[in-house]
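Spelled out from the first residue to the last, the chains are:
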Amino acid sequence: MAKQVLVIEDEPNIVAAISFILSRDGWTVGTHANGETAVQAVLDARPDALILDVMLPGRSGYDILQDLRAHDVTRRLPVLMLTARGQRTDREQAERLGVNRFMTKPFSNAEVVETLNELVPG
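The text that follows walks through the structure, step by step, so that each part is easy to find. (Residues numbered from 1 in each chain as written. Predicted model: local features only at pLDDT ≥ 70, side-chain atom pairs only at ≥ 80, totals over all residues. Heavy atoms only, no water.)

**Focus on the nonpolar core**
Phase 1: The biggest cluster of nonpolar side chains holds 22 residues, and the ones touching the most others in it are Ile8, Leu50, Leu52 and Met81.
Phase 2: Here this core takes 5 residues from helix α2 (residues 38–45), the largest share from any one element.
Phase 3: Residues within four places of leucine 50 in sequence aside, it is in contact with Val5, Leu6, Ile8, Val42, Leu68, Leu77, Pro78, Val79 and Leu80.
Phase 4: Among the nonpolar cores identified, the runner-up in size contains 18 residues, and Ile51, Met103, Leu119 and Val120 belong to it. (Core = buried A, V, L, I, M, F, W, Y, C linked by side-chain atoms within 4.5 Å. Buried < 20%, exposed > 50% of the residue type's maximum accessible area, 1.4 Å probe, protein only. Helix = DSSP H or I, 4+ residues; strand = E, 2+ residues; numbered from the N terminus. Contact = heavy atoms within 4.5 Å.)

Here's what the structure looks like:
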């Protein structure tokens, strides 16, 4: 059975690129673009991993991550956070909230695939 990832990102070009590279690597990819409904989307999808943008319409990725870490079902969900803002304070805030990996845009396609495969082995 294919590993499932949910991509919560509002930029269509990034969604398309990530979906393509991960599908090619054997992942089943779901997408969602609204920060306000992101937590429910994760609960509904029950993915093996999550790619989460920091800046989303409605709510920030930080708020979403905090909610996910407080929920029993998603407390241990592997989360790769993407952001265009790569300052140390952004990374530190994500780490405080329990992110597994933090990556700045632009990112390498190979790095995204490699990171997800490390977070969700075989």
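That covers the picture; the talk isn't over yet.
**Here we look at the sheet that holds strand β3 (residues 49–53)**
Phase 1: Taking strand neighbours across the sheet as the criterion, the 5 strands line up as β2-β1-β3-β4-β5 in an open arrangement whose pairing is parallel. For this open sheet the edge positions go to β2 (28–32) and β5 (101–104), each flanked by a neighbour on one side alone. Across this sheet, the average inter-strand angle for adjacent strands is 20°, counted without regard to direction.
Phase 2: The sheet contact formed by strand β1 (residues 4–8) and β2 spans 5 bridges and is parallel. Directly across from isoleucine 8, in β2, lies its bridge partner histidine 32.
Phase 3: Against the sheet, helix α5 (residues 109–119) engages β1, β3, β4 (79–83) and β5, with an angle of about 175° to β5. (Pairing = 2+ DSSP bridges. Axes fitted to C-alpha atoms, helices over the stretch in contact; angles between N-to-C directions.)

So far we have only geometry, and geometry alone does not tell us how the molecule works.
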